[in-house]
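Structure at a glance
Single-letter residue listing:
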4 protein chains.
Amino acid sequence: MTILSPDILSTLEAQGIELPSWAFGNSGTRFKVFATPGTPRDPFEKIADAAEVNRVTALAPSVALHIPWDKVGSYDDLRRHAEDLGVRLGTINSNTFQDDDYKFGALTHVDPKIRQKAIDHHFECIDIMDATGSRDLKIWLAEGSNYPGQADMRARQDRLHESLATIYERLSGEQRLVLEYKFFEPAFYHTDVPDWGTSYAQVAALGERAMVCLDTGHHAPGTNIEFIVMQLLRLGKLGSFDFNSRFYADDDLIVGAADPFQLFRIIFEVIRGGGLNSPDVAFMLDQCHNIEKKIPGQIRSVLNVQEMTARALLVDRAALAAAQEAGDVLAANAVFMDAFYTDVRPALASWRESRGLPADPMAAYAASGYQERIEADRVGGVQAGWGA
Amino acid sequence: MTILSPDILSTLEAQGIELPSWAFGNSGTRFKVFATPGTPRDPFEKIADAAEVNRVTALAPSVALHIPWDKVGSYDDLRRHAEDLGVRLGTINSNTFQDDDYKFGALTHVDPKIRQKAIDHHFECIDIMDATGSRDLKIWLAEGSNYPGQADMRARQDRLHESLATIYERLSGEQRLVLEYKFFEPAFYHTDVPDWGTSYAQVAALGERAMVCLDTGHHAPGTNIEFIVMQLLRLGKLGSFDFNSRFYADDDLIVGAADPFQLFRIIFEVIRGGGLNSPDVAFMLDQCHNIEKKIPGQIRSVLNVQEMTARALLVDRAALAAAQEAGDVLAANAVFMDAFYTDVRPALASWRESRGLPADPMAAYAASGYQERIEADRVGGVQAGWGA
Amino acid sequence: MTILSPDILSTLEAQGIELPSWAFGNSGTRFKVFATPGTPRDPFEKIADAAEVNRVTALAPSVALHIPWDKVGSYDDLRRHAEDLGVRLGTINSNTFQDDDYKFGALTHVDPKIRQKAIDHHFECIDIMDATGSRDLKIWLAEGSNYPGQADMRARQDRLHESLATIYERLSGEQRLVLEYKFFEPAFYHTDVPDWGTSYAQVAALGERAMVCLDTGHHAPGTNIEFIVMQLLRLGKLGSFDFNSRFYADDDLIVGAADPFQLFRIIFEVIRGGGLNSPDVAFMLDQCHNIEKKIPGQIRSVLNVQEMTARALLVDRAALAAAQEAGDVLAANAVFMDAFYTDVRPALASWRESRGLPADPMAAYAASGYQERIEADRVGGVQAGWGA
Amino acid sequence: MTILSPDILSTLEAQGIELPSWAFGNSGTRFKVFATPGTPRDPFEKIADAAEVNRVTALAPSVALHIPWDKVGSYDDLRRHAEDLGVRLGTINSNTFQDDDYKFGALTHVDPKIRQKAIDHHFECIDIMDATGSRDLKIWLAEGSNYPGQADMRARQDRLHESLATIYERLSGEQRLVLEYKFFEPAFYHTDVPDWGTSYAQVAALGERAMVCLDTGHHAPGTNIEFIVMQLLRLGKLGSFDFNSRFYADDDLIVGAADPFQLFRIIFEVIRGGGLNSPDVAFMLDQCHNIEKKIPGQIRSVLNVQEMTARALLVDRAALAAAQEAGDVLAANAVFMDAFYTDVRPALASWRESRGLPADPMAAYAASGYQERIEADRVGGVQAGWGA
């Protein structure tokens, strides 16, 4: 119970994880989207659900929006709605993959008119950022080609630079551009930003306020993700995380569900590189709750990040450094594993209680009646989803 | 021009590749389905498009149906429609992944009522087979779980056996049950039939008319697929192929597009194992034309299979055997590669012409006016797609 | 401290893990084998080291031998030596990959004389089994080809059956043949027993005392190994485990080091399928300690298996079944994860002490002076290694 | 026969592929190195064998050396020996993976004395470059760790920069430093230069004469290698290729043997990016001939590169660009595939003859008697190998 020192606890207290609005909408595979009772019909209801996650965990102070899925008449209203519920609006995510014009690319398209349309969409996103007070414009470039020969990869890369530069110029003040990379999907032969190297080269060519977004599910099989975390922190270019987990492709499962030890290693490297609670590195979730309940799925996710952060903070770094310097492989590994295997959950539960939070946020949510209420109330209308 | 012997040509003449009706409907990723002008609105129009592929290639004599997507009022009418257009109805594919009841399984579901519902669906498929004269009931079991602990994998395997046995008992005459395996998707942690071994063990427990379906896109990275082809032929359990190609996951690209040499190796092993033009081994396509035109996509596909079959038939098997026995690695490989690198396209073109077929089926289709006609005619109604 | 029930503790008490004699010799990659001070020069010294692992853990009652690496003049002497040190001789492993004659295969070779030589080697192994009292003959078939066309995969499969059948016939009494599969290496194009399906088909064709060996490092990226464990137990054909872990290929790292949660899932499936402490399922290690100390490496390994077995035994299976039946994904997963995240180490330590064992076997070994003794004593001679 | 235009032929005539001296020595896996009759005993014999490859192909004008494997008393003698045989000495490869001191790293080692030793080794390599007239110092950094926690990845990255900078400073004139990356092996958890992004970031921090080496076998499963080729050419940092092929890990098979179409795509991207016959981009082989004959293996390899270059030069780039701009996926892919499927071998054979070269270099070598001569002559001594 006393395993978490005051230092560790104050670090944990400062932790905040941004929730994606789309996690509260319906999602699925190309084969089927299963609908869930109580699913929000609009951004206001998504924010309400996100606030519920924060209410029982104090871990989720902000919500990322996705444009156009989260377009509303008044962003002032949405902002006030969020603030009334104790959360704020966060990163703005653009969308270049659902317009018929973007079938063969958007920011990379061979046709300047379509590129301009995609650029204008990002300008609109920046206008929304101005209204919401969001700092980050996150671009996941779902662009590429399906067949060898279909596209001129090099020319697309050059056009991408040009488009990004135009968007970057429009940013003001503290606003940032964060460029996500992804190994594959929806494109099946080449993806225009498939790896951290490409994202890094592109943002480095833009300027200081352009950063890389690392989605933990967007890598080739076997990739050492914590190494990339280390490298991007070292290069000063890690802008944000999209946390989730996977066994195969971009499965978007609950963070920590597939390989908890990998999450531990990633967070340890964040800590070691100065990225924890750093203003420069945003912690976000990017998940799909295809078959499990969405609000509890998000609660489980932020708790997983918190618990793993606590474990990673427990690593005895002096002992680790000594073993590393001595070339004592087993001793160094043992120091590392000891922290991972320590069960921090009881200590976290009592710490939560001491702060007026529920010891067991999952149980607290289940007991709150919120789920029953939204299932009863949210009848009629169109449930939100990726295509909404 | 003279490289294809009469023996090879008569083998090629006997080749038939079954087209999937769903290849003519719209498809896409979980992110977006792009619609295409001229897309069929019903099974009759799908059959018409499939017949067009056969008209210019003489390679696609049959069409597989998917139930419920291809349910019609009268299967007699559909059958006559097909026959009028020179093709026949082929394999019946069942669907256990799009009903809300199947969220946690169908033939494997913990609830006997839902299993019975899924079994009844297969009984309905068998009734349709009786009406269409189809031989094969193909079952792709899109069942599994997303999170460790979610499901009892062992109990599901036992229930799967029980369900399959019940369905198998209903088959009559020459009818067969063909069980497809898939590495992952739509389930992201465990899949109930994830590999050839499981499919083999399940069908071996049913009886002689239960076989394995090998989809070339359904394997782990790096899997030697031709080895599996060899093994299933050796065990007498290769029932059918679903041809397509992939770079990453189950990309469903045009067969031969991603790795032509792999296709060559697969077809060589089919020939070597007696599976070419064997009544026991059905050649089918299972592809998605997300961004390319669908009918030409299917024409390209059957031509790819034909061209690669011609190359594989060119392997000098006596020379190959001699080099293999001598342990001459480079000589054996050279015999193999020589066939692969031989350009059979001119010889095939002139052979096609000698049979009254277009030398260039792609060009013939483009010149036929069919595409323009369907784009003009098929206005209104709901385009077919996976969810239709 | 009281988290491990008497039932769990008595189950753990019965657990035994077989050590591989070769883990105590030098090993490395194709680039370099780093020698370690104190490495055994002969099988007697390997057994002594293995006995040391058992002395501090009571978890490693037997030692697997590899022929010809562990050939000795008198197996009676070796057996008595082992018994004097409190361990016994276990599985006999054959070797068909280090004789110049086997460059293109052994049991699968095109030349019957070479096949007979390989069969005779296995007859010799069976003679040794008779002398050592070993039950299992384990065959890892390091055979295959490097280039497409090099080999006739089908004919090799048939010859493999014939060779195995000849060997199987020679077994007597309770002796078993256990056939290991491996995704790739040392062959780089095709491997003759590359997957569980092939191993299963081959041993099923032999008879009841032929079983499959599952090496946890021998699968394609992303393979759900616990599913295979489940299936082989269901089919009654899981003969033994080779435990180790990996990030990439067949890395042969310490079991549990790369993905502890995967080890948890595997052992849970063993328990669920009746394979824990079953006479039919041997638990063995197959590891390389390339850069870490070997004896502590083995101690760490058996402790990892023990600790993970304790966690897996903690799963509340009634609660799990209830959540699974209710389709409550998050609840089922939570039951599962709760066991995994429970820190069993303090309870195990005090239980060890209660049995007269060191609470911390790693520390006890370090304090024992054994390592210093062998480093001082074992000077001169040729250190054992894979090529020895 | 007339398919290769004068332009294409003159481009092909300028092509040169550097051979690795180590391809002529024995190699194998961690399990076994099979020796081959006629294997060179020293660098002079390796050069002689390499010259034989060039004699029958005119494609292999230079030979890369590996230090210390190719250390000789007089590099002047070696250089003259090479020139007498019509070839020259090329890239110098350093070795930081076979000294006992380098067990835990060399240029990245925690101990400054060991780092200095590794730096001094590179200084020696540069001295050799001065003597041989080599331009490139190629560094494959076989450094990393096997277990999580074993090493401080970030500190190693910083030390790597420092070591490389020290080495880079020592270069003079046109000399370059080329840094190779590799996904994994011999390290099994983390590798210090695991991907192109890391190599790029490291060499970009050094200066203009530091470049990236792309080994085609050093990527994660599924990686789009031609994309990386494109990107590195775009960034001006592609220094050299190590050609080989693979099905699984770093199999080091003959280039083009595993996936000929991938080789085509890679070379097409080299051409498109201006890297063909560019002084800045060295074409080298890095292969192992574990079971096939070595000199013919190298002849086959350079022919594969030549043949695939010819195919890639055949791509109708105007037609390709038109189809790409029109968004005609199938037409663009068809232009691409048409070139790949064109059989350039007869035209190349007659072109070779027109230049006084053998039409069939493999047959010419076999008929030359060279192999029989070296097998008879090279008796006694120690055959060269990786450990030599």
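Rules of the game
Residues numbered from 1 in each chain as written. Chains lettered and ligands numbered in written order. Predicted model: local features only at pLDDT ≥ 70, side-chain atom pairs only at ≥ 80, totals over all residues. Heavy atoms only, no water. Contact = heavy atoms within 4.5 Å. Buried area = accessible area lost by both parts, 1.4 Å probe. Salt bridge = Lys/Arg side-chain N within 4 Å of Asp/Glu carboxyl O. Polar contact = N/O pair within 3.5 Å; in protein donor to acceptor, adjacent residues only side chain to side chain. Least-squares fit on C-alpha atoms with pLDDT ≥ 70 in both. Buried < 20%, exposed > 50% of the residue type's maximum accessible area, 1.4 Å probe, protein only. Pairing = 2+ DSSP bridges. Helix = DSSP H or I, 4+ residues; strand = E, 2+ residues; numbered from the N terminus. Axes fitted to C-alpha atoms, helices over the stretch in contact; angles between N-to-C directions. pLDDT = per-residue confidence, 0-100. Disulfide = S-S within 2.5 Å. Expected span 1.5 Å × (residues − 1). Phe/Tyr/Trp six-rings, centres within 6.5 Å; stacked < 30°, edge-to-face > 60°. Lys NZ or Arg CZ within 6 Å of the ring centre and 35° of its normal.

Per an unreviewed UniProt entry, the recorded name for chain A is L-rhamnose isomerase, and the organism is Microbacterium ulmi.

Below, the discussion takes up the interface of chain B and chain A. The interface is formed by 41 residues belonging to chain B together with 41 residues belonging to chain A. A combined buried area of about 4,100 Å² lies between chain B and chain A, and 63% of that area is made up of carbon and sulfur atoms. Remark: the boundary between chain B and chain A carries eight salt bridges. Here Lys-32 of chain A makes a salt bridge to Asp-100 of chain B, at a shortest N to O gap of 3.2 Å. Seen at the junction of chain B and chain A, the total is 18 residue pairs in polar contact (both at pLDDT 80 or more).

Before going further, it helps to spend a moment on the relation of the copies chain B and chain A. Under the fitted operation, chain B is carried onto chain A by 0.0 Å of movement along the axis and a turn of 180 degrees, and the coordinates agree to an RMSD of 0.0 Å. The transformation relating the two chain copies, once decomposed into turn and shift, fits a two-fold axis. Nearest to the rotation axis, the C-alpha of Arg-30 of chain B is located 2.1 Å from it, this being the minimum over chain B. Both copies contact each other with a shared surface, as 100% of the interface residues of chain B are interface residues in chain A too.

What follows covers the pattern of salt bridges. Across all of its chains, the model carries 118 salt bridges over all chains by this definition. A salt bridge links Asp-136 of chain A to Arg-135 of chain A, with the nearest nitrogen and oxygen atoms 3.0 Å apart. Taking the relative accessible area as the measure of exposure, Arg-135 of chain A reaches 30% and is therefore partly exposed. Two residues, Glu-307 of chain C and Arg-300 of chain C, come together in a salt bridge whose shortest N-O distance is 3.3 Å. Here the salt bridges share partners, and the residues they tie into one network are Arg-30 of chain A together with Lys-182, Glu-185, Asp-250 and Asp-252 of chain B.

The next thing to look at is the sheet that holds strand 4 (residues 136-140) of chain B. All names here are of chain B. Read from one edge of the open sheet, eight strands run 1-2-3-4-6-8-9-10, paired in parallel fashion. Unpaired on one side and paired on the other, strand 1 (19-20) and strand 10 (282-285) mark the two borders of the sheet. Note that strand 6 (residues 176-180) and strand 8 (residues 210-215) share four bridges and pair parallel. Across the sheet, residue Glu-180 finds its bridge partner in strand 8, namely Cys-213. Contacting strand 1, strand 2 (62-66) and strand 3 (88-93), helix 2 (residues 43-57) crosses the sheet at an angle of about 150 degrees to strand 2. Packing of helix 3 (residues 75-84) onto the sheet brings it into contact with strand 2 and strand 3, and relative to strand 3 it is tilted by some 130 degrees.

Model confidence for chain A is summarised by a mean pLDDT of 97, while 99% of its residues fall at 70 or above. Both scores are given for the predicted complex: the pTM is 0.98, the ipTM 0.97.

Quick look at the state of the cysteines now. All names here are of chain B. Counted by the stated rule, this structure contains zero disulfides over all chains. Cysteine Cys-213 is unpaired, with the sulfur of Cys-288 as its nearest cysteine sulfur at 15 Å. Cys-213 sits in the buried class, given a relative accessible area of 0%.

Before going further, it helps to examine helix 4 (residues 112-132) of chain A. Residue and element names in this part refer to chain A. Helix length check: helix 4 (21 residues) gives 30 Å between terminal C-alpha atoms against 30 Å at 1.5 Å per residue, within 8%. Of all the positions in helix 4, only Ile-114, Arg-115, Ala-118, Ile-119, His-121, His-122, Phe-123, Cys-125, Ile-126, Ile-128, Met-129 and Thr-132 are classed as buried. Turning to helix 4, the residues buried within the fold contact strand 2 (62-66), helix 3 (75-84), strand 3 (88-93), strand 4 (136-140), helix 5 (153-170) and strand 6 (176-180). Of the residues that open helix 4, the one with a side-chain oxygen 2.8 Å from the backbone nitrogen of Lys-113 is Asp-111.

So, on to the interface of chain A and chain D. Reports of interface size often rely on the accessible area that becomes lost once the parts have come together. Taken residue by residue, the interface counts 53 residues in chain A and 53 residues in chain D. Summed over both sides, the interface of chain A with chain D buries roughly 4,100 Å², with 61% coming from carbon and sulfur. The largest contributions to the chain A side of the interface with chain D come from Arg-154, Phe-227 and Arg-234 of chain A, which together make up 17% of the buried area. On the surface where chain A and chain D come into contact, there are four salt bridges. Only helix 5, strand 7 (190-191), helix 6 (196-204), helix 7 (225-234), helix 8 (260-272), helix 10 (317-325) and helix 11 (329-341) of chain A provide two or more residues apiece to the side of chain A that touches chain D.

Turning our eyes to something else, we now look at the sheet that holds strand 10 (residues 282-285) of chain C. Residue and element names in this part refer to chain C. The strand order 1-2-3-4-6-8-9-10 describes an open sheet built from eight strands, whose pairing is parallel. The open sheet has two edge strands, strand 1 (19-20) and strand 10, and neither has a second partner. Bridge analysis of strand 2 (residues 62-66) against strand 3 (residues 88-93) gives four bridges, and the strand direction is parallel. When the bridges of strand 3 are listed, Val-63 appears paired with Leu-89. Across the face of the sheet, helix 3 (residues 75-84) comes into contact with strand 2 and strand 3 while running at roughly 130 degrees to strand 3. Docked against the sheet, helix 7 (residues 225-234) engages strand 8 (210-215) and strand 9 (238-243), running at close to 165 degrees with respect to strand 8.

Across residues other than glycine, the phi torsion is negative in most instances, and most of the peptide bonds are trans. Residue Pro-68 of chain B is bonded to the preceding Ile-67 of chain B through a cis peptide linkage, with omega at 20 degrees. In this fold, Pro-68 of chain B is placed in the loop between strand 2 and helix 3.

With respect to the helices and strands, Ile-295 of chain A occurs in helix 9 (residues 294-313). Those residues in contact with Ile-295 of chain A that sit more than four places away from it in its chain are Phe-24, Asp-49, Val-53, Tyr-365, Tyr-370, Gln-371 and Ile-374 of chain A.

Elements in contact with the buried residues of helix 4 (residues 112-132) of chain D: strand 2 (62-66), helix 3 (75-84), strand 3 (88-93), strand 4 (136-140), helix 5 (153-170) and strand 6 (176-180) of chain D. Of the residues one or two after helix 4 of chain D, Gly-133 of chain D is the one with positive phi, at around 80 degrees.

All names here are of chain D. With six of its six residues buried, strand 8 (residues 210-215) lies for the most part within the structure. Side-chain alternation along strand 8 places Ala-210, Val-212 and Leu-214 on one buried face and Met-211, Cys-213 and Asp-215 on a second face that is also buried. Alignment of strand 8 against strand 9 (residues 238-243), held across four bridges, turns out to be parallel. Within strand 9, the position partnered with Asp-215 by the bridge is Asp-242.

Take the side chain of Lys-294 of chain A next. Residues and elements named next belong to chain A. Structurally, the position occupied by Lys-294 is in helix 9. Separated by 3.2 Å, the side chain of Lys-294 and the backbone oxygen of His-289 make a polar contact. For Lys-294, the residues in contact, after removing those within four places along its chain, are Ala-23, Phe-24, Gly-25, Asn-26, Ser-27, Thr-36, Thr-39 and His-289.

Turning our attention to the packing of aromatic side chains. Taken as a whole and assessed by the stated rule, the structure comprises 98 aromatic pairs over all chains. Between Phe-261 of chain B and Phe-264 of chain B, the ring centres sit 6.1 Å apart and the planes meet at 20 degrees, which makes this aromatic pair stacked. Of the two residues, Phe-261 of chain B and Phe-264 of chain B are both situated in helix 8 (residues 260-272); the distance of three residues between them amounts to about one turn of the helix. Of the two residues, Phe-261 of chain B and Phe-264 of chain B, neither departs from the other in class, the shared state being buried. Look at Phe-247 of chain C and Tyr-189 of chain D: their rings are 5.1 Å apart centre to centre, the planes differ by 50 degrees, and that puts the pair in the tilted class. Note that Phe-247 of chain C is positioned in the loop between strand 9 and helix 8 (260-272) and Tyr-189 of chain D in the loop between strand 6 and strand 7 (190-191), a pairing that runs across two chains. Tyr-189 of chain D shares its class with Phe-247 of chain C; the two are buried. A connected cluster of aromatic rings, assembled from ring pairs, spans Phe-261, Phe-264, Phe-268, Phe-336, Phe-340 and Tyr-341 of chain A together with Phe-261, Phe-264, Phe-268, Phe-336, Phe-340 and Tyr-341 of chain C. Its end group placed over the ring of Phe-123 of chain B, Arg-170 of chain B keeps NZ or CZ at 3.7 Å from the ring centre.

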